[in-house]
Amino acid sequence: MKKTIVKSKELTIENRIKSFDEVVFGYTEEEMLEEASRCIQCKNPTCICGCPVGIDIKKFIYQLTQKDYKSAYETIFQKNRFPSICGRVCPAEYQCRKSCVFTPKKSLYASENAINIPLLERFAGDYAKDNLTFEHNKKKTTDFNKYRVACIGSGPASLTVAGELSRYGIKVDVFEALHSLGGVLCYGIPTFRLPREILYYEINLLKKYSVEFYTGVIVGKSIFFKELQQNYDAIFIGTGAGAPVWLNIEAESCVNIYSANEYLTRVNLMHSYRFPQYHTPINVGNHIVVIGGGNTAMDAARVALRMQKINNIDGKVTVLYRRTEDEMPARKIEIEHAKEEGIEFKFLVQPVKFVGDENKKVKGIVCLKCELGEPDESARRRSIPIKGSEFLIETDLVIVAIGLKANKTLQDTVKELKINKWGDIEVNSETMETSIPKVYAGGDIVGGEGTIIEAMGMGKKAAKSILHKLNIKF
Ligand code: FAD
Ligand code: SF4
């Protein structure tokens, strides 16, 4: 008999849109067991090939069906130290779920039928958080605390390096420019997708393993890279891609045109939704337009909508994207949630200039209609603007969410560090070593897919290389 797909319960829409509470509840034990039992334990588990870090998905799901939750967690932990985080935010519909045997071959993304691997992973991670002591995390620590490694940035790439190395007793210091830890997990992804207690739990666990965190330290400004080179046996650079990409069109400097990074940082990190108790103000428009089709755009749109509701503004939020919904790189579940919450979408639209009022406040966007052409290098169909199809969208606040690039603060001060034309650090993709010996890099600062799991995977590779360089057997 065909088993039914188990969906997780979610916060009601009315309760979602005026709060930052987590939307997806995750499985209860009963729901988890039902979903895990749908896995047919394939002889050739294609799901594993879809996981960027190669978690033995078939095995951990089997262990879940046996209620052996500790082993299920340990199976995941061998490849991914943060299952509670990845179970919430991994774009599984383009990865493991897309490769699950229940997704028809050649699909662009996972079918609904595919086993809900991330929610099962989340269950195992949350179980471990609530029930395990984590003593298994510790490897033999013999004399390795004589070694010191510095990580620059505290995003998922650096946290992974810190976690992997501290298991061996190596002393790891993490330097973070912001006053809070976690990188995008803290300043970018809203709490309704990733509650901060999950992140802080993982960070506190690292502190238990003697990882030390120094916040408010910009390497390259507040301390110099050379100082780190003198004091550490190896350095890992995980500075991410924190600089916004702009459209570079007329009047983009108008008031009330934010980059998504600034908007999200003000709300997520600086708590401007609780202004004036918190001191960071934010403008909230009546018609907010978000430009872009990725996760950042979805987060910005959903945060903007909550800002309107919290401030009792009966407005609307519209997302503009130059291709169609099929080509949107954002997670499908985020697009669905955004739609359910009342966000409108306009597809096949390309902004060509902004229009400001006499005070240089944005009041409109002139756009061109587009059509789809042949696929480009990203395999998504190209968007081709249609000449003469200009039209105006009225708006009083715009959030530009078309991409992020490397922030070069550090690179500019370390001339020996080889970078490519985009400002990303060049590494040996096997070892993650940069052009400077004993200096490694990973995560968004070296380019790639720009996902959390990929950043963690690179962190894991770099940690292995560092262990190797220090002659530590693992
Ligand atoms: P980051 O997370 O970018 O962290 C880098 C850290 O380094 C930052 O805290 C920064 O302040 C610090 N830093 C920078 N320069 C210095 C310096 N000189 N000195 C000290 N510290 C420095 N991916 C997914 O898989 N799923 C999602 O749902 C998802 N949603 C996203 C939503 C948003 C809004 C954004 C922006 C990204 C999202 N991503 C998502 C992408 C994902 O978050 C990134 O790929 C990932 O965080 C990259 O990790 P990282 O460790 O390379 O760097
Ligand atoms: Fe289970 Fe799907 Fe993996 Fe097969 S491919 S083992 S059904 S998760």
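Refer to the preceding data block for the structure.
All values derive from a computational prediction rather than experimental measurement. (Residues numbered from 1 in each chain as written. Chains lettered and ligands numbered in written order. Predicted model: local features only at pLDDT ≥ 70, side-chain atom pairs only at ≥ 80, totals over all residues. Heavy atoms only, no water.)

(A) Structural view of the pattern of salt bridges. Summed over the entire model, instances satisfying the criterion amount to 30 salt bridges. Across the pair E340 and R16 runs a salt bridge, and its minimum N-O distance is 2.7 Å. Separated by 324 residues along the polypeptide, E340 in helix α15 (residues 332–340) and R16 in helix α1 (residues 13–17) bring together distant segments of the chain. Classification of R16 as buried rests on a relative accessible area of 2%. (Salt bridge = Lys/Arg side-chain N within 4 Å of Asp/Glu carboxyl O. Helix = DSSP H or I, 4+ residues; strand = E, 2+ residues; numbered from the N terminus. Buried < 20%, exposed > 50% of the residue type's maximum accessible area, 1.4 Å probe, protein only.)

(B) Spatial organisation of the site of ligand 1. Ligand 1 sits among 34 residues. The nearest are V89, E176, R193, D444 and I452. One of the backbone N or O atoms of G450 is found 3.1 Å from an oxygen atom in ligand 1. Within the backbone of T451, a nitrogen or oxygen atom sits 3.4 Å from an oxygen atom of ligand 1. Here ligand 1, which alone exposes 1000 Å², has 95% of that area covered by the protein. Contributions of two or more residues to the shell around ligand 1 are made by α9 (156–166), β2 (171–176), α14 (295–310) and α16 (452–469). Residue contributions to the shell around ligand 1 peak at 3 residues, all from α14. (Near = heavy atom within 4 Å. Polar contact = N/O pair within 3.5 Å; in protein donor to acceptor, adjacent residues only side chain to side chain. Areas by Shrake-Rupley, 256 points an atom, 1.4 Å probe, with all protein chains shown as cover.)

(C) Representation of the site of ligand 2 in the model. The full set of residues close to ligand 2 is C39, I40, C42, T46, C47, C100, V101, F102 and I115. Of the residues contributing to the shell around ligand 2, the split by class is 8 nonpolar, 1 polar and no charged. (Nonpolar A, V, L, I, M, F, W, Y, C, P; charged D, E, K, R; others polar.)

(D) Region of the structure containing the pairing of strand β10 (residues 349–356). The pairing of β10 with strand β11 (residues 362–375) spans 7 bridges and is antiparallel. Bridge pairing in β11 links P351 to C367. Where β10 hands over to β11, the hairpin turn is made up of 5 residues, of which K360 adopts a positive phi near 65 degrees. (Pairing = 2+ DSSP bridges.)

(E) Geometry of the sheet that holds β2. Taken together, 5 strands build an open sheet; the order of strands is β3-β2-β1-β4-β16 and the sheet is parallel. Each edge of the sheet is formed by a strand with only one pairing partner; in this case those strands are β3 (212–215) and β16 (439–441). Mean inter-strand twist for the sheet, computed between neighbouring axes without regard to direction, equals 20 degrees. Pairing of strand β4 (residues 234–237) with β16, which is carried by 3 bridges, proceeds in the parallel orientation. Paired with F236 across the two strands is Y440, which belongs to β16. Each of β1 (148–152), β2, β3 and β4 touches α9; the most contacted strand, β1, lies at about 165 degrees to it. Running at roughly 165 degrees to β16, α16 makes contact with β1, β4 and β16 of the sheet. (Axes fitted to C-alpha atoms, helices over the stretch in contact; angles between N-to-C directions. Contact = heavy atoms within 4.5 Å.)

(F) The arrangement of the layout of surface pockets in detail. Approximately 680 Å³ is the volume attributed to the second largest pocket. Taken together, 35 residues form the lining of the second largest pocket, with E10, R97, N116, I333 and E336 sitting closest to its centre. Elements with a minimum of two residues in the lining of the second largest pocket: α6 (83–89), α8 (117–131) and α15. At 6 residues, the largest contribution of residues to the lining of the second largest pocket is made by α15. Looking at side-chain class alone, the lining of the second largest pocket contains 13 nonpolar, 5 polar and 17 charged residues. Both of domain 1 (13–136) and domain 3 (245–403) provide at least three residues apiece to the lining of the second largest pocket. (1 Å grid on protein atoms, 1.4 Å probe; cavity = no way out; pocket = protein on both sides within 12 Å on 5 of 7 lines; lining within 4 Å. Points joined across faces, edges and corners; volume = space filled by probe spheres on them. Domains from an automatic or database assignment.)

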